[in-house]
Amino acid sequence: MNKQPGITTIHLFNPETDYALATDSENYTPPLSILNMKRSLSLLPALHCSSGDMILVPEGLEELLSRNIPFQELLQEKGVQAIGTEHFVNTINANPHSVQFRPWGWNKTLRKWCLSNGVNEHLVPSVEEINIIRTLSHRRQTIPFILNMKDIMSQEIRAPRLFTDTKSALDFWKSEGDVFFKAPWSSSGRGLLYTKDLEYRHIEPWLRGTIHSQGSVMGEIAYQKKMDFATEWECNDGKALFLGVSTFYTSPRGKYQANIIKPQETIIDFILSNTNVHLHGNNLATIIARQKLLLENYVAPFYSGPVGIDMLVTGDSNIHPCIEINIRNTMGRVAIDMFKRMNDPESSDKEKNYLNKLTIAGFISPISIITDLNRDVESN
């Protein structure tokens, strides 16, 4: 990850952040499935953080370390320390200019947790800043991005629709056929409803419940697709720094599965090989330049931190330039940072071997990491 020299980063893996934003509450409690993933992957930042960094484990630190044996080895090799709440609070309060806190994403529940445990208020985002993050994270933000790329994208691509009532959403489904409905805030393919092979009795309650809980629902054409990919960015001081592209696998119903770990040249070649580069709207460099401009108009003036823009190549070999905008860390960013660590001359052979073992098939999958960790625990 990008950071200033001499700055120690404290990482926190909190994958529930989009759901906390959805509730707009200071007291959000994730469902058990998300809590289990959060606990199992609490040390995920060890895969991509820098030597000397720290990883915050808010609860159950000793038990977690006893179970995550391979991660412990990596922590020791990189000089990365897993810390509990008290250590975190004391460190960040005592070193406000040389320590930065880097959660997966910010929300009001995390802000309240920090303050209630004694973190100085000026070291965490204000309520107003988190309200801005929440607004930027709403999936409707893809609409102005798409509308401002009409001149450089394929005519096949259409802007999504925002619905605040169930009937209008159902009318959209009836007129368009197979579509994706999406909750305004969710992640990793959760909060998505793909209508293919579903009936009214499945679709209507989901729409009604989502609109009731989150105020609206997004409707998008279900493109036939060849591949998913994303651009990864870091926003700071009103500017958007392009970090690279990532490509990933999803299930037929849109749930995230894994990221590919390859050199940037290989990933770009893979994208272009699936794209009809001779057709209007498929100039990847032009699209990335426009994304940068739009981020610097709509996002970077109000937010500093990681951003990922999800994209795809349609079945007709056209680039869809903006499926989602993630105002948080992403597995695509992790994949890019991991590849850099694996090829950094300053990385030890032991670290490189460990990361290569995790990516033996050329991809990184949170589910496979959890499976491997459980297998290692059972064998010890």
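Residues numbered from 1 in each chain as written. Predicted model: local features only at pLDDT ≥ 70, side-chain atom pairs only at ≥ 80, totals over all residues. Heavy atoms only, no water.

## A look at the overall build of the chain
Then comes step 1: Helix and strand content of the chain: 15 helices and 14 strands.
Then comes step 2: By the compact-globule yardstick of 21 Å for 380 residues, the chain fits well, its C-alpha radius of gyration being 21 Å.
Then comes step 3: Over its C-alpha atoms, taken along the principal directions, the chain stretches across nearly 55 × 45 × 45 Å.
Then comes step 4: Looking at the chain as a whole, 55% of its 380 residues are labelled buried.
Then comes step 5: Residue pairs at least 24 apart in sequence account for 71% of intrachain contacts in the chain once pairs closer than 6 positions are excluded.
Then comes step 6: When the accessible surface of the chain is summed, it comes to about 17200 Å², and 50% of that surface belongs to carbon and sulfur atoms.
Then comes step 7: Taken together, the 38 basic and 42 acidic charged side chains of the chain have centroids lying 4 Å from each other. (Helix = DSSP H or I, 4+ residues; strand = E, 2+ residues; numbered from the N terminus. Rg over C-alpha atoms; globule rule 2.2 N^0.38 Å. Buried < 20%, exposed > 50% of the residue type's maximum accessible area, 1.4 Å probe, protein only. Contact = heavy atoms within 4.5 Å. Areas by Shrake-Rupley, 256 points an atom, 1.4 Å probe, with all protein chains shown as cover. Lys, Arg positive; Asp, Glu negative; His and termini not counted. Charge placed at Lys NZ, Arg CZ, Asp CG, Glu CD.)

## So, the sheet that holds strand β4 (residues 99-103)
Then comes step 1: Pairing is parallel in the open sheet, where 4 strands are placed in the order β3-β2-β1-β4. Of all the strands in the sheet, just β3 (81-83) and β4 have a single pairing partner and so form its edges. For this sheet, the mean angle separating the axes of adjacent strands, direction not counted, is 25 degrees.
Then comes step 2: In terms of strand pairing, strand β2 (residues 54-56) meets β3 through 3 bridges, oriented parallel. Directly across from L56, in β3, lies its bridge partner I83. (Pairing = 2+ DSSP bridges. Axes fitted to C-alpha atoms, helices over the stretch in contact; angles between N-to-C directions.)

## What to know about the sheet that holds strand β7 (residues 192-194)
Then comes step 1: The 4 strands are arranged β5-β8-β6-β7 in an open sheet whose pairing can be described as antiparallel. Bordering the open sheet on either side are β5 (161-163) and β7, each of which pairs with just one other strand. Strand-to-strand twist of the sheet, defined as the mean angle between neighbouring strand axes without regard to direction, takes the value 25 degrees.
Then comes step 2: Here 3 bridges tie strand β6 (residues 179-182) to β7, and the two strands are oriented antiparallel to one another. Note that in β7 the partner of F181 across the bridge is L193.
Then comes step 3: Sheet contacts for helix α9 (residues 166-176): β5, β6 and β8 (217-221); angle to β6, the most-contacted strand, approximately 160 degrees.

## A word on unusual backbone geometry
Then comes step 1: Non-glycine residue D197 carries a positive phi angle of around 70 degrees.
Then comes step 2: Position of D197 relative to the elements: it lies in the loop between β7 and α10 (200-214).
Then comes step 3: By relative accessible area, D197 is classed as exposed at 66%.
Then comes step 4: For D237, which is not glycine, the phi dihedral falls at a positive 55 degrees.

## Structural notes on helix α14 (residues 349-358)
Then comes step 1: Along α14, the residues that are buried comprise E351, K352, Y354, L355 and L358. End-on view of α14: buried residues confined to an arc of 165 degrees, all on one side of the axis. Opposite the packed face of α14, turned more than 90 degrees from it, sit the exposed residues D349, N353 and K357. (Arc of directions from axis to C-beta.)

## Quick word on the pairing of β4
Then comes step 1: By the criterion of burial, β4 is predominantly enclosed, with 4 of the 5 residues buried.
Then comes step 2: Bridging between strand β1 (residues 8-12) and β4 involves 5 bridges; their strand directions are parallel. For H11, the partnering residue across the bridge sits in β4 and is R102.

## A look at the pairing of strand β12 (residues 305-314)
Then comes step 1: With 10 of 10 residues buried, β12 is to be regarded as a mostly interior element.
Then comes step 2: As defined by bridge partners, β12 adjoins strand β13 (residues 319-326) across 5 bridges and the pair is classed as antiparallel. Counted as the bridge partner of V313 is I319 from β13.

## Some thoughts on the environment of V179
Then comes step 1: Counting through the fold element by element, V179 comes out in strand β6.
Then comes step 2: Once the C-alpha coordinates of V179 and M54 are considered, the two residues, 125 residues apart in sequence, prove to be 43 Å apart.
Then comes step 3: Among all residues touching V179, those that are not within four sequence positions of it are F172, W173, L193, Y194, T195, E220 and A222.

## Here's the deal with the nonpolar core
Then comes step 1: Of all hydrophobic cores here, the largest spans 66 residues; its most connected members are F88, F101, F145, F181, V299 and V307.
Then comes step 2: When residues of this core are assigned to their parent elements, the largest contribution, 5 residues, is made by helix α12 (residues 284-298). (Core = buried A, V, L, I, M, F, W, Y, C linked by side-chain atoms within 4.5 Å.)

## Quick word on the state of the cysteines
Then comes step 1: Summed over the entire model, instances satisfying the criterion amount to 0 disulfides.
Then comes step 2: The thiol sulfur of C49 is not disulfide-bonded, and the nearest other cysteine sulfur, from C114, lies at 18 Å.
Then comes step 3: Looking at C49, the relative accessible area reads 0%, which means it is buried. (Disulfide = S-S within 2.5 Å.)

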